[in-house]
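One letter stands for each residue in the lines below.
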Amino acid sequence: MNKQFKFTDARIRALPANPTTSASTDLEVSDVSDDGSSALGLKCLSGKSGNRRFLFRYTFNSRKRSIALGRFPDINVATARKAARRYRAMLAEGIDPKAENETEKTQPTIAEFFWDTYLPYQKKHTRYSSWDHERQRFLKHINPRYGHIRFRDLKAAQVLQLQLDLNAPTSHRPALAESTCNRVLAVLKTMGQLAIRMDVIDVNEAMKVKQLREDNIRTRFLDAKELKAVITEARNFKNRYIGGLIAMLAVTGCRKSEISLARHEHLDKTKRTLYLPITKNGQSREVYLSDIALEILDETPIKPGSPYLFAGRIKGQPIKDCRVAFQKILRNAGIPNPEELVLHSLRHSVVSCLVSAGMTLYDVKYQLGHLCIQSSARYSKQSLERQRNTSNKLCELVK
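Predicted, not measured: the structure shown is a model, and the values here were computed from it.

**Here's the deal with the packing of helix 4 (residues 110-125) against helix 7 (residues 178-197)**
Look at helix 4 against helix 7: their axes get within 11 Å of each other, and the N-to-C directions meet at 85°. By the angle class used here, helix 4 and helix 7 are roughly perpendicular. Residues Ile110, Phe113, Phe114, Thr117, Tyr118 and Tyr121 of helix 4 lie in contact with helix 7, whose contacting residues are Val187, Thr190, Met191, Leu194, Ala195 and Arg197.

See the structure below:
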C-alpha cells in the first residue's frame, strides 16, 4: 500500500483500518504536495478499530515531536492542512509549536475568566442586583455559545453574530428587545476591559460592536393627581411593608433598590433624613423626608428580627419583588392602562411632576441623587399643560 499520497476527504474516508495482526498500533500515511514532497509533516493514523486521526510530526532542536490535530471527520483535510501550515510557519520563526500550544492551554476560556476573575471582581465593586443580573445574562446567553472558547480567540464577528441572533425571533422565543441585547453585549464589553487590565487579552473585540438603537424607552408617567391616588392606595394596601415601599418610592423618587435595602439604622427622624449607603452611581447620600414620608414610615410596622424598614416575607431579607402588588395598586387607584407602568415609572413621574410644578433640573438632580444634570434631563418630560403655557408665552412675546 502506498503510504504517501495527497490527502483528500474521500481518500481518508477510504483508508483501511490497521490490520489486527499488525505489530504497530496504527497505520500511518503522509500527506504530499503536488510535487510529491511531504515536507509539511501532516500525517493520518488509522487504528485497528478504523478510527482515523490527524497528526503533525516535526523536528525541533534535533528532537522529534508531534501534535495531535483531531479526529476525522470531526475535522476535515483542509482544516488539518491549515493547522499543519500554521505550525510549519512557527518552526520557520524558531518557535516550537508544541510549547506554544501548552502556553495557549493556560489561557482562560471565557467561562473560566467570568467565574474565576470577573464575577468575584464585580461582587467586590458593584451592588448585588448589578452583578447578579450579569451572572444571569452570562449563564443564559453567553456561556452556552462562547463559554468554552479561549478569551483571546473571541472575535468581533462572533460578538456581532450573538447580538443579531438574540435580536431575531426563533421557534422557541420572540426576538429579544434591543435593550436586553445591549445588556448582554455590555457584559462582554466590561469583561473585555477587565481582561485587558489583567493582561489576558490585547484587544477588547466586543468594543468593536455597536449597541442597538433602543426604541422601547418608556415615556408613560403619572401626573400629580394620579400619583396622589397611587400613594393613597399604597398606604392602604393589605401588605403594609410592600404598600409602604411603593408609597415611599412615589414621594421620594428614589430607586426601588435604595428604599428596599434601607435599614432602621439609616433612619434619623430627628434630622428627617434617610441615609442611603448604596446607590447606582456608587456614592452614598441622604434623602430629606417630607411629612408624608415620615407618616408612611410611622405606619409601617417594625418586623422583629429584620433590619430593614420594609421587611420581606423571608426572615431577615428585604422585599424582593412587588410588581404584582404594584399592578393591583394601580388598578385600585383607577390608573388607565396600568400594564404600561413599572415601578421605575414612579421615579419618572416624580421628576415630571416637579418640573411641571416649576422646579429646576438642578433641584431634580439633588432630589434624585444624580451625578450630572444630563441624567436628570432624561427623566424630565414636560406635561401637556406646561407645554401649553410655554407655547402661549412664546405667542405673547412675538405677537
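The structure having been displayed, the exposition proceeds.
**What about the sheet that holds strand 2 (residues 26-31)?**
Within the open sheet, the five strands sit side by side as 1-2-3-4-5. Their pairing is mixed. Either end of the sheet is taken by a strand with one partner, and the two such strands are strand 1 (4-5) and strand 5 (63-72). Sheet contacts for helix 2 (residues 77-92): strand 2, strand 3 (42-47), strand 4 (52-60) and strand 5; angle to strand 4, the most-contacted strand, approximately 10°.

**Here we look at the packing of aromatic side chains**
For the structure shown, the criterion picks out ten aromatic pairs. Here the aromatic rings of Phe56 and Tyr58 are separated by 5.4 Å at their centres, their planes lie at 20°, and the arrangement is stacked. Each member of the pair Phe56 and Tyr58 is classed as buried. Ring geometry for Phe114 against Phe138: centres 3.9 Å apart, planes inclined by 5°, an arrangement best described as stacked. Of this pair, Phe114 sits in helix 4 while Phe138 sits in helix 5 (residues 128-146), and the two are 24 residues apart along the sequence. Here the two residues Phe114 and Phe138 agree in accessibility, since each one is buried. Ring pairs connect the aromatic residues Phe5, Phe7, Phe54 and Phe72, which therefore count as one cluster. Just above the ring of Trp131 sits the side chain of Lys123; from NZ or CZ to the centre is 4.8 Å.

**Section: unusual backbone geometry**
Backbone torsion omega between Phe72 and Pro73 reads 10°, so that peptide bond is classified as cis. The residue Pro73 is located in the loop between strand 5 and helix 2 in this model. One non-glycine residue with positive phi stands out, namely Arg272, at about 60°. With relative accessibility at 22%, the residue Arg272 sits in the partly exposed group. The phi angle at Asn337 is positive, at roughly 50°, despite the residue not being glycine. Residue position: Asn337 is located in the loop between helix 12 (323-332) and helix 13 (344-356). Here Asn337 falls in the partly exposed class, since its relative accessible area comes to 42%.

**Describing a positive patch on the surface**
A surface patch of positive charge is lined by Lys238, Arg313, Lys328 and Arg331. Note that Arg313 resides in the loop between helix 11 (291-299) and helix 12.

**Remarks on the nonpolar core**
Core analysis: the largest hydrophobic core is formed by 42 residues, its most contacted members being Ile246 and Leu346. Looking at this core, the elements with two or more residues in it are helix 8 (224-235), helix 9 (240-252), strand 7 (273-276), helix 11, helix 12 and helix 13. Element by element, the count of residues in this core is highest for helix 9, at eight residues. Those residues in contact with Leu346 that sit more than four places away from it in its chain are Leu222, Leu227, Val230, Ile246, Leu249, Ala250 and Phe326. Counting residues in hydrophobic clusters, the runner-up holds 29 residues, among them Ile110, Ile149, Val184 and Val200.

Reading guide: rules and limits
- Residues numbered from 1 in each chain as written.
- Predicted model: local features only at pLDDT ≥ 70, side-chain atom pairs only at ≥ 80, totals over all residues.
- Heavy atoms only, no water.
- Axes fitted to C-alpha atoms, helices over the stretch in contact; angles between N-to-C directions.
- Helix = DSSP H or I, 4+ residues; strand = E, 2+ residues; numbered from the N terminus.
- Parallel < 35°, antiparallel > 145°, perpendicular 65-115°, else oblique.
- Contact = heavy atoms within 4.5 Å.
- Pairing = 2+ DSSP bridges.
- Phe/Tyr/Trp six-rings, centres within 6.5 Å; stacked < 30°, edge-to-face > 60°.
- Buried < 20%, exposed > 50% of the residue type's maximum accessible area, 1.4 Å probe, protein only.
- Lys NZ or Arg CZ within 6 Å of the ring centre and 35° of its normal.
- Patch = residues over 30% accessible without salt bridge, like charges linked within 9 Å, V, L, I, M, F, W, Y side chains within 5 Å.
- Areas by Shrake-Rupley, 256 points an atom, 1.4 Å probe, with all protein chains shown as cover.
- Salt bridge = Lys/Arg side-chain N within 4 Å of Asp/Glu carboxyl O.
- Lys, Arg positive; Asp, Glu negative; His and termini not counted.
- Charge placed at Lys NZ, Arg CZ, Asp CG, Glu CD.
- Core = buried A, V, L, I, M, F, W, Y, C linked by side-chain atoms within 4.5 Å.

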